[in-house]
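A structural walkthrough
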Amino acid sequence: MQLITAHPLTLPLFRLRNVLLGHYRRLSNASRRLRFMGGVNTKALEMIAKASVPDLILGIKRDGAYRAVLELFVLDSTHAEVGLSVEDAYQGQGFGRALFQRGITEARLRDMETIELSFLPSNVAIRKLCVEAGGDIHCSADDCVSHIRIS
């Protein structure tokens, strides 16, 4: 079994955006709904990727492409938002957990005190990771938000 390790992507911004777009395109419609909290067509994916300016992208590369990606967006001096997605064929293998744990470590290294994740109520996997990290989760009918103290 291959070790699952998340690595920072250190590429020029235009190349990072192309990595994101390729990854987003390989997500199924169900996984796109989980990542973007709604249905997103190909044109919208292009717009999202081309406008994305994350402070950090972590990825797990398998079979020649990044199959799992975490984006960290620093919102202020102590708080960041995280987006996470894993391609369908790679789900259930620990990719999301590896990214999530590395994302928390990287946020701490950037002196963040809290991170925030928004997710659909049906996203059991991310809910479990947030609970395990001590996240405070609040849900409405349409979405959930977890605030996790990491300092």
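What you are looking at is a predicted structure, and each value in this text was computed from that prediction instead of being measured.

A full pass over the atoms with the stated rule returns 7 salt bridges. In this structure, R26 engages E87 in a salt bridge whose closest nitrogen and oxygen atoms are separated by 2.8 Å. Remark: E87 occurs in the loop between β4 (79-86) and α4 (95-109) and R26 occurs in helix α1 (residues 13-26); sequence separation between them is 61 residues. Two residues, E71 and R35, come together in a salt bridge whose shortest N-O distance is 2.8 Å. You can see E71 sitting in strand β3 (residues 65-76) and its partner R35 sitting in helix α2 (residues 29-36), a full 36 residues away along the chain. Owing to a relative accessible area of 1%, E71 belongs among the buried residues under this scheme. Taking relative accessible area as the criterion, R35 reaches 15% and is therefore assigned buried.

Now for the nonpolar core. The biggest cluster of nonpolar side chains holds 28 residues, and the ones touching the most others in it are L99, I115, L117 and I126. Here this core takes 6 residues from α4, the largest share from any one element. Ignoring any residue separated from it by four or fewer positions in sequence, one finds L117 in contact with V82, F100, I126, C130, C144, V145, S146 and I148. Formed by 13 residues, the second largest nonpolar core is a distinct cluster that contains L21, Y24, A49 and I57.

The next thing to look at is the environment of I4. With respect to the element layout, I4 can be found in the segment before β1 (7-8). With a relative accessible area of 25%, I4 lands in the partly exposed category. In the structure, I4 is positioned 101 residues away from T105 in sequence and 16 Å away in space, judged by C-alpha atoms. Look past the residues within four positions of I4 in its chain and what remains in contact with it is I60, R62, Q93, G94, F95 and A98.

Applying the stated criterion across every chain yields a total of 1 disulfide. C130 takes part in no disulfide bond, and the closest cysteine sulfur to it belongs to C144, at a distance of 9.3 Å.

On to the side chain of H23. Along the chain, H23 falls in helix α1. A polar atom in the side chain of H23 sits 3.3 Å from the backbone oxygen of Y66. Within polar-contact distance, the side chain of H23 engages the side chain of E87 at 3.1 Å. When neighbours within four sequence positions are excluded, H23 is seen to be in contact with Y66, R67, A68, V69, S85, V86 and E87.

For the pair α1 and helix α3 (residues 42-51), the least separation of the axes is 8 Å and the interaxial angle reads 150°. One way to sum up the angle between α1 and α3 is to call them roughly antiparallel. Of the two elements, α1 crosses α3, and the hand of that crossing is right-handed. Packed against α1, whose contacting residues are R17, L20, L21, Y24 and R25, the element α3 presents T42, L45, E46, I48, A49, K50 and A51 at the interface. Partitioned by chemical class, the residues of the contact of α1 with α3 number 7 nonpolar, 1 polar and 4 charged.

Parameters and conventions
Residues numbered from 1 in each chain as written. Predicted model: local features only at pLDDT ≥ 70, side-chain atom pairs only at ≥ 80, totals over all residues. Heavy atoms only, no water. Salt bridge = Lys/Arg side-chain N within 4 Å of Asp/Glu carboxyl O. Helix = DSSP H or I, 4+ residues; strand = E, 2+ residues; numbered from the N terminus. Buried < 20%, exposed > 50% of the residue type's maximum accessible area, 1.4 Å probe, protein only. Core = buried A, V, L, I, M, F, W, Y, C linked by side-chain atoms within 4.5 Å. Contact = heavy atoms within 4.5 Å. Disulfide = S-S within 2.5 Å. Polar contact = N/O pair within 3.5 Å; in protein donor to acceptor, adjacent residues only side chain to side chain. Axes fitted to C-alpha atoms, helices over the stretch in contact; angles between N-to-C directions. Parallel < 35°, antiparallel > 145°, perpendicular 65-115°, else oblique. Left-handed = near helix turned anticlockwise from the far one by under 90°. Nonpolar A, V, L, I, M, F, W, Y, C, P; charged D, E, K, R; others polar.

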